[in-house]
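Close look at the chain arrangement
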Amino acid sequence: MGHEIVIVGGGVIGLSIARALALRGLKDICLIERSSLGAESSFAAGGMLAPQAEADSRDALFDLLIKSRDLYPNFAAELREETGVDIELDTTGTLYLAVTEHDHDEIEKRYEWQRDAGLPVDKLTPEDARLFEPCIAPDIRGALRFPGDIQVENRRLLSALANSVLQLDVQLMSAVNVEGLESRSGRITGVQTSQGLIQCPTLILAAGAWTSFIDPSVKVEPIKGQMVCLSAKPQLTRHVIYSPRGYVVPRQDGRLLAGSTSERAGFAKDVTAGGIHTILKNAQEISPAISALPIADMWAGLRPRAADGLPVLGPCGEIAGLIHATGHYRNGILLTPVTAELIAKTVVDGVVPEELSAFSPDRFRTVTS
Ligand SMILES: Cc1cc2nc3c(=O)[nH]c(=O)nc-3n(C[C@H](O)[C@H](O)[C@H](O)COP(=O)(O)OP(=O)(O)OC[C@H]3O[C@@H](n4cnc5c(N)ncnc54)[C@H](O)[C@@H]3O)c2cc1C
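Because the structure is predicted, anything quoted here is derived from the model rather than measured.

On to the sheet that holds strand S15 (residues 247-250). Strand order in this open sheet of eight strands is S5-S6-S4-S14-S15-S16-S13-S17, and the pairing throughout is mixed. With one partner strand each, in any of the chains shown, strand S5 (122-124) and strand S17 (295-306) form the two edges of the open sheet. Taken over all neighbouring pairs, the strand axes of this sheet differ in orientation by 20° on average, direction set aside. For strand S4 (residues 94-98) and strand S6 (residues 142-146), the ladder comprises five bridges, and the chain directions are antiparallel. Of the residues in S6, the one forming a bridge with threonine 94 is phenylalanine 146.

Structure, rendered in structure tokens:
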């Protein structure tokens, strides 16, 4: 059995790359997923597209995040046209609250560098902030508003992408585990799977937090994030609201997500009493009104984090035909459109775009002399 292109992983990254390649006219693409499509981090996420809210300086990752955020309006419109699925791109914006004096010093610095860089950001007094969102805590010291930082319903994004790739004749293999790579003379030749060998000249690894099981040369670890889903009808807030310790994300259907934790806990996805306690304490610091809301659901997911916290994107220098698209850590939903664009460009043109140079998988290889 063989295909021209095999993609491992059916999260937002694998699915969006499959779509981008098929839209460029490539045929015989097969996506292999161990479980079911969108079963992991992409389903657990908050859907915030907020590169500015937490950024303290400009670097290659920040530029990539901004580029991807700005691709979202077209991406959402195209997905809707192709599939009829509305991914609920909400452009209300993001508020970032300062509760303590230390928070206030931090947001002051963030405001200054972003204003000087010409990025859209407004500084708000506590009174101004409450005009935007009356639910916020009475004792905040100030806030920033990021009108360009928006949000998407990541579960609808998964449905839209899954519909799109089906229409584009991508072959989907669910419940098939990829066990290892096959290569010969420095070229990828296929993957070993729970259903036998699948041959391919091009392999794209988008296996999220599990990538290192397939290619141990790239170190990606799972960082657990727990989430609480509250029921807010009518909705409590229109903006996504952050503090330095937590965030709340309003969904159109009355769900209010509160997150999150950041834990090195292996591959276990337990929801814990301590995790939920921390999330709710931080959410109530944003808005005391949260304490009266019913809890509708709780879950945990595993963010894929590379050793240096940066995404791992592009061809692997040692094995021709092997391309990585992983390590998206806290920003995989945000980075979906730009990852799909740039990886598809790499495959189709055979040239690595300049934007990917800081994220090469080869940065992890040990230099020997
Ligand atoms: C609580 C939480 C909140 C988050 N909030 C945000 C947010 O607001 N904004 C944002 O941009 N990002 C957010 N993220 C991060 C985001 O969810 C991830 O960066 C993103 O989903 C990664 O996508 P992926 O497709 O690489 O990984 P995944 O969605 O994890 O997909 C990887 C897939 O590969 C499959 N797979 C693994 N191993 C194998 C194998 N051997 N064989 C076959 N298939 C395999 C898995 O089953 C899985 O389906 C959040 C994450 C968490 C946990």
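This next bit is on the pattern of salt bridges. Taken as a whole, this structure holds 27 salt bridges when the rule is applied. Here glutamate 82 ties to arginine 19 by a salt bridge, and the two come within 2.7 Å at their closest N and O atoms. Of this pair, glutamate 82 sits in helix H3 (residues 60-83) while arginine 19 is found in helix H1 (residues 12-23), placing the two residues 63 residues apart along the sequence. Shared partners join several salt bridges into a network, and the residues in it are Glu153, Arg251, Asp253 and Arg255.

Before going further, it helps to spend a moment on the layout of surface pockets. Roughly 200 Å³ of volume is contained in the second largest pocket. Going through the elements one at a time, H1, H3 and helix H9 (336-349) are the ones with two or more residues in the lining of the second largest pocket. Its residues assigned to classes, the lining of the second largest pocket comprises six nonpolar, two polar and four charged.

What follows deals with the sheet that holds strand S11 (residues 196-199). Strand order in the open sheet formed by three strands is S9-S10-S11, with antiparallel pairing between adjacent strands. The sheet terminates laterally at strand S9 (178-184) and S11, the two strands that pair on one side only. On average, adjacent strands in this sheet sit at an angle of 30° to one another, irrespective of strand direction. Looking at chain direction, S9 and strand S10 (residues 187-193) are connected through six bridges and run antiparallel. Note that in S10 the partner of serine 183 across the bridge is isoleucine 188.

This paragraph deals with the nonpolar core. The nonpolar side chains of soluble globular proteins are, as a tendency, buried together. One finds Ile7, Leu21, Leu157 and Ile204 to be the most contacted residues of the largest nonpolar core, which totals 47 residues. Looking at this core, the elements that each hand over two or more residues are strand S1 (5-8), H1, strand S2 (29-32), H3, helix H6 (154-167), strand S19 (322-326) and H9. Looking at which element gives the most residues to this core, the answer is H1, with eight residues. Filtering out sequence-adjacent residues up to four positions away, leucine 21 remains in contact with Ile5, Ile7, Leu26, Ile29, Ile204, Ala344, Val347 and Val348.

This model, assessed by the stated rule, comprises six aromatic pairs. An aromatic cluster of at least three residues, connected via ring pairs, comprises Tyr96, Tyr242 and Tyr247. For arginine 34, the ring lying beneath its charged end belongs to tryptophan 210, and the centroid distance is 4.7 Å. Positioned above the aromatic ring of phenylalanine 43 is the side chain of arginine 155, whose terminal nitrogen or guanidinium carbon lies 3.7 Å from the ring centre.

It is the rolling of a water-molecule-sized probe over the atoms that shows where space remains empty. Scanning all chains against the criterion turns up one cavity of 30 Å³ or more. In this structure, the largest cavity occupies an estimated 50 Å³ of space. Lining the largest cavity are Glu88, Asp90, Gln151, Val152, Glu153, Pro250, Arg251 and Gln252. Across the lining of the largest cavity, the residue classes tally to two nonpolar, two polar and four charged.

With that out of the way, let us pick up the site of the ligand. In the region of the ligand, 39 residues are neighbours, and Glu33, Ser42, Met48, Tyr329 and Leu334 sit closest. The backbone of glycine 47 places a nitrogen or oxygen atom 3.1 Å from an oxygen atom of the ligand. Among the elements of the structure, H1, helix H2 (41-44), strand S13 (220-231) and S17 are those that each provide at least two residues to the shell around the ligand.

Further remarks concern the packing of H3 against H9. Packing of H3 against H9 brings their axes to within 7 Å, and their N-to-C directions diverge by 95°. The orientation of H3 with respect to H9, classified from their angle, is roughly perpendicular. Seen from H3, the contacting residues are Leu64, Lys67, Ser68, Leu71, Tyr72 and Phe75; seen from H9, they are Thr336, Pro337, Val338, Glu341 and Leu342. Among the residues forming the contact of H3 with H9, the class breakdown is seven nonpolar, two polar and two charged.

Our next topic: unusual backbone geometry. The amide bond that connects lysine 233 to the next residue, proline 234, takes the cis arrangement and shows omega of 5°. Residue position: proline 234 is located in the loop between S13 and strand S14 (240-242). Cis rather than trans, the peptide bond between glycine 259 and serine 260 has omega equal to -15°. On the secondary structure map, serine 260 appears in the loop between strand S16 (255-259) and helix H8 (273-286). Located in the positive-phi region is serine 185, a residue other than glycine, with phi close to 50°. Within the secondary structure layout, serine 185 lies in the loop between S9 and S10.

About the cut-offs
Residues numbered from 1 in each chain as written. Predicted model: local features only at pLDDT ≥ 70, side-chain atom pairs only at ≥ 80, totals over all residues. Heavy atoms only, no water. Pairing = 2+ DSSP bridges. Helix = DSSP H or I, 4+ residues; strand = E, 2+ residues; numbered from the N terminus. Axes fitted to C-alpha atoms, helices over the stretch in contact; angles between N-to-C directions. Salt bridge = Lys/Arg side-chain N within 4 Å of Asp/Glu carboxyl O. 1 Å grid on protein atoms, 1.4 Å probe; cavity = no way out; pocket = protein on both sides within 12 Å on 5 of 7 lines; lining within 4 Å. Points joined across faces, edges and corners; volume = space filled by probe spheres on them. Nonpolar A, V, L, I, M, F, W, Y, C, P; charged D, E, K, R; others polar. Core = buried A, V, L, I, M, F, W, Y, C linked by side-chain atoms within 4.5 Å. Buried < 20%, exposed > 50% of the residue type's maximum accessible area, 1.4 Å probe, protein only. Contact = heavy atoms within 4.5 Å. Phe/Tyr/Trp six-rings, centres within 6.5 Å; stacked < 30°, edge-to-face > 60°. Lys NZ or Arg CZ within 6 Å of the ring centre and 35° of its normal. Near = heavy atom within 4 Å. Polar contact = N/O pair within 3.5 Å; in protein donor to acceptor, adjacent residues only side chain to side chain. Parallel < 35°, antiparallel > 145°, perpendicular 65-115°, else oblique.

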